[in-house]
Amino acid sequence: ALPEDIGCLARLEKLDASANALETLPKSLGKCRRLRLLDVSANAFRSTACLEALGRCVELETVDASKNGSMRGAIPVSWGCLIKLKEIKIDDTKVDAVPSEVFLSCESLQTLSAARCDALDVKAMKETEGYQHYEARRKGKHDKQLSSRVLMDEARLDERLG
């Protein structure tokens, strides 16, 4: 288990607690306001409830909770407060929903990875309020990356010829 006083680490920015057989996270983790990256993949979470306190980590950009095969429930509504959140990974879990608050309020969200997330009704998720805004951001990100790569390759080609 992670110690309850982990919340005292006011300057904590990255936490990799992957593959540790953790069953829960301390609520005090929500006090780590500078936390930007959290990797809790491949643990033994049974419920998404242990992720609720992360909604107070206002600098959070990436959450990897994948490979928690027994983790059930919806992504916490509190994550709607994470306006800098860019990436959520819930692959290989039993997460069953993404609340509209996440799609509507997490304006930086560009990646929601939910491969082999059999409990998630993708059709229902796509009908969730705010999903279309998320999808537009996701497509915009990939279009921008593609454009950037094309331009980068053209520049390299020009350098070789010049």
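Read on for a plain summary of the structure. Model, not experiment: these values are computed from the prediction. (Residues numbered from 1 in each chain as written. Predicted model: local features only at pLDDT ≥ 70, side-chain atom pairs only at ≥ 80, totals over all residues. Heavy atoms only, no water.)

1. So, the overall build of the protein
- On a plain count of helices and strands, the protein comes out with three helices and seven strands.
- Beginning at the N terminus, the succession of helices and strands in the protein can be written as β-β-β-β-β-β-α-β-α-α.
- A burial count over the protein gives 40% of its 162 residues as buried.
- The contacts in the protein between residues at least 6 apart in sequence include a share of 54% that link residues at least 24 apart. (Helix = DSSP H or I, 4+ residues; strand = E, 2+ residues; numbered from the N terminus. Buried < 20%, exposed > 50% of the residue type's maximum accessible area, 1.4 Å probe, protein only. Contact = heavy atoms within 4.5 Å.)

2. Section: unusual backbone geometry
- Despite not being glycine, Asp-92 has its phi angle at roughly 55°, a positive value.
- Relative to the elements of secondary structure, Asp-92 occurs in the loop between β5 (87-89) and β6 (94-97).
- Positive phi is not limited to glycine here, since Arg-116 has a value of about 55°.
- Along the polypeptide, Arg-116 turns up in the loop between β7 (111-113) and α2 (122-126).

3. A closer look at the sheet that holds strand β2 (residues 37-39)
- The strand order across the open sheet built from five strands is β1-β2-β3-β5-β7, with neighbouring strands paired in parallel fashion. Each of the sheet's edge strands pairs with one partner strand only, and the pair in question is β1 (14-16) and β7. The sheet shows a mean angle of 5° between the axes of neighbouring strands, direction not considered.
- The sheet contact formed by β2 and strand β3 (residues 62-64) spans three bridges and is parallel. Across the sheet, residue Leu-37 finds its bridge partner in β3, namely Thr-62. (Pairing = 2+ DSSP bridges. Axes fitted to C-alpha atoms, helices over the stretch in contact; angles between N-to-C directions.)

4. Brief notes about the environment of Cys-57
- Tracing the chain through its elements places Cys-57 in the loop between β2 and β3.
- Relative accessible area serves as the criterion here: at 0%, Cys-57 is assigned to the buried category.
- C-alpha separation for the pair Cys-57 and Cys-81, spaced 24 residues apart in sequence, amounts to 8.6 Å.
- Each residue touching Cys-57, except ones within four places of it in the same chain, is listed here: Leu-29, Gly-30, Cys-32, Arg-33, Leu-35 and Leu-82.

5. What to know about the packing of aromatic side chains
- One pass over the structure, following the stated rule, counts three aromatic pairs.
- Centroid distance Phe-103 to Tyr-134: 5.5 Å. Interplanar angle 40°. Geometry classified as tilted. Placement of Phe-103 in helix α1 (residues 100-105) and of Tyr-134 in helix α3 (residues 131-161) is noted, with a sequence separation of 31 residues between them. Each member of the pair Phe-103 and Tyr-134 is classed as buried.
- Among the aromatic residues, those joined into a ring-pair cluster are Phe-103, Tyr-131 and Tyr-134. (Phe/Tyr/Trp six-rings, centres within 6.5 Å; stacked < 30°, edge-to-face > 60°.)

6. Considering the pattern of salt bridges
- Across all of its chains, the model carries six salt bridges by this definition.
- Across the pair Arg-46 and Glu-23 runs a salt bridge whose closest N-O atoms are separated by 3.5 Å. On the criterion of sequence distance, the pair formed by Arg-46 in the loop between β2 and β3 and Glu-23 in the loop between β1 and β2 is long-range, its members being 23 residues apart.
- Taking relative accessible area as the criterion, Glu-23 reaches 46% and is therefore assigned partly exposed. (Salt bridge = Lys/Arg side-chain N within 4 Å of Asp/Glu carboxyl O.)

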